[in-house]
Amino acid sequence: MNTKILACFIVLSLANGCKKDGLEISFDMDYSTSFAIQSNTGISLPFDFFTPDITTNSEEEFESNDTRKDKIKEILLKNLALQITAPEGRDFDFLKDINLYIRAEGLEESRYAFFENVPDGLKQLTLNSEGIDLAPYIKEDKFSLRAECVFDQTFNQDIDVTADMLFGVKANPLK
């Protein structure tokens, strides 16, 4: 009796995993960009900082993972870490909140990551994801970011920040 149940389970599992266009591949894509937070004179007001355009090279990335742009199902942010690169030894004590927005030509800007009520003493911030599908942006040739920051301390020296992003891609294979 147990053998029959096991055989039925195996047959059902194989049938469900082999649907036409039902196969899915997953892989990661990573990007890095930098921006400067300019010294400020006020607190509790949002200030915007922009990154230069980030070239995606998505076509090559998709091809190396046996898929292409039209087969992408979803791209989600898996991790986004901010780190201060200058001045040396600086932490994020000056920052109260940060919101990151993504934009690409012909697409509406969307908030995709944030960190609210930043605690003192952090040398690196791992932002929270909004969980939105970023495929329309990443499939473009380039995208850019806007950081909206609210400060809870003043500072008199520009701060250079690097954003390292890891995106999880789900797609159908070329087959």
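Within every chain, residues take consecutive numbers counted from 1 along the sequence as written. Note on the predicted model: pLDDT of at least 70 is required for a residue's local features to be given, and 80 or more for side-chain atom pairs to be given and counted; whole-chain, interface and lining totals, by contrast, use all residues. Side-chain figures throughout are based on the complete set of non-hydrogen atoms in the structure, without hydrogens or water.

(A) Fine view of the packing of aromatic side chains. In summary, the pairing rule links any two rings of Phe, Tyr or Trp, Trp by its six-membered ring, whose centres are within 6.5 Å, and it sorts them by plane angle into stacked for under 30 degrees, edge-to-face for over 60 and tilted for everything else. One pass over the structure, following the stated rule, counts 9 aromatic pairs. Linked through ring pairs, F47, F49, F92, F94, F151 and F155 together constitute an aromatic cluster. The rule for a charge over a ring is simple: NZ of Lys or CZ of Arg within 6 Å of the ring centre, and within 35 degrees of the ring normal. Directly above the aromatic system of Y101 lies the positively charged group of R146, at a separation of 4.1 Å from the ring centroid.

(B) View of the environment of D152. Put simply, DSSP marks the helices as runs of H or I at least four residues long and the strands as runs of E at least two long, and each gets a number from the N terminus on. Here D152 lies in the loop between β9 (142-151) and β10 (159-171). For D152, a relative accessible area of 34% corresponds to the partly exposed category. Filtering out sequence-adjacent residues up to four positions away, D152 remains in contact with I43, D93, F94, L95 and K96. Only protein chains enter the area calculation, which uses a 1.4 Å probe; residues under 20% of their type maximum are buried, those over 50% are exposed, and those in between are partly exposed. When checking whether two residues touch, look at their non-hydrogen atoms; a contact exists if any pair is within 4.5 Å.

(C) Structural view of the environment of A113. Tracing the backbone shows A113 in strand β6 (residues 110-115). Accessibility expressed as a relative area gives 0% for A113, which makes it buried. Separated by 13 residues in sequence, A113 and L100 place their C-alpha atoms 5.1 Å apart. When residues no more than four places from it in sequence are discounted, the contact partners of A113 are L77, L80, I98, N99, L100, L127, N128, S129 and E130.

(D) Structural view of the pairing of strand β5 (residues 95-103). By the criterion of burial, β5 is predominantly enclosed, with 7 of the 9 residues buried. Following DSSP output, two strands are said to pair if at least two bridges run between them. Relative to β9, β5 runs antiparallel, the two sharing 8 bridges. Bridge pairing links N99 to E148 in β9. The pairing of β5 with β6 spans 5 bridges and is classified as antiparallel. The residue bridging I102 from the neighbouring strand is S110, located in β6. Hairpin geometry of β5 and β6 is characterised by an intervening segment of 6 residues between the two adjacent antiparallel strands and by a positive phi of about 80° at G106.

(E) Local environment of the confidence of the model for the protein chain. Values of pLDDT, which run from 0 to 100, indicate the predictor's confidence residue by residue. Averaged over the protein chain, the pLDDT score is 85; the fraction of residues at 70 or greater is 86%. Below pLDDT 50 for its whole length, residues 1-21 participates in 2 contacts with residues either more than four positions away or in separate chains.

(F) Summary view of unusual backbone geometry. P87 follows A86 through a cis peptide bond whose omega is 0°. You will see that N57, though not glycine, has its phi angle at about 50°, which is positive. Positionally, N57 belongs in the loop between β3 (54-55) and α2 (58-64). Residue D66 is not a glycine yet carries a positive backbone phi of 60°. The residue D66 is located in the loop between α2 and β4 (72-86) in this model.

(G) Expanded view of the pattern of salt bridges. Criterion for a salt bridge: a side-chain nitrogen of Lys or Arg within 4 Å of a carboxyl oxygen of Asp or Glu. One pass over the structure, following the stated rule, counts 9 salt bridges. As a salt-bridge pair, E59 and K69 come within 3.2 Å of each other at their nearest N and O atoms. Here E59 is found in helix α2, whereas its partner K69 is found in the loop between α2 and β4, with 10 residues between them in sequence. Looking at E59, the relative accessible area reads 38%, which means it is partly exposed. A salt bridge links D70 to R68, with the shortest nitrogen-to-oxygen separation between them at 2.6 Å. With a relative accessible area of 55%, D70 lands in the exposed category. Residue classification places R68 among the partly exposed positions, given a relative accessible area of 38%.

(H) Representation of the nonpolar core in the model. Ranked by size, the top nonpolar core spans 44 residues in total, and within it I37, L80, L82 and Y112 carry the most contacts. If you list the elements that add at least two residues to this core, you get β1 (25-37), β4, β5, β6, α3 (135-138), β9 and β10. Ranked by residue count, the leading element in this core is β10, at 7 residues. The residues touching I37, leaving out its near neighbours within four places in the chain, are F49, F94, C149, F151, F155, D158, I159 and V161. Only buried residues count toward a nonpolar core. Its members are Ala, Val, Leu, Ile, Met, Phe, Trp, Tyr and Cys residues joined through side-chain atoms within 4.5 Å.

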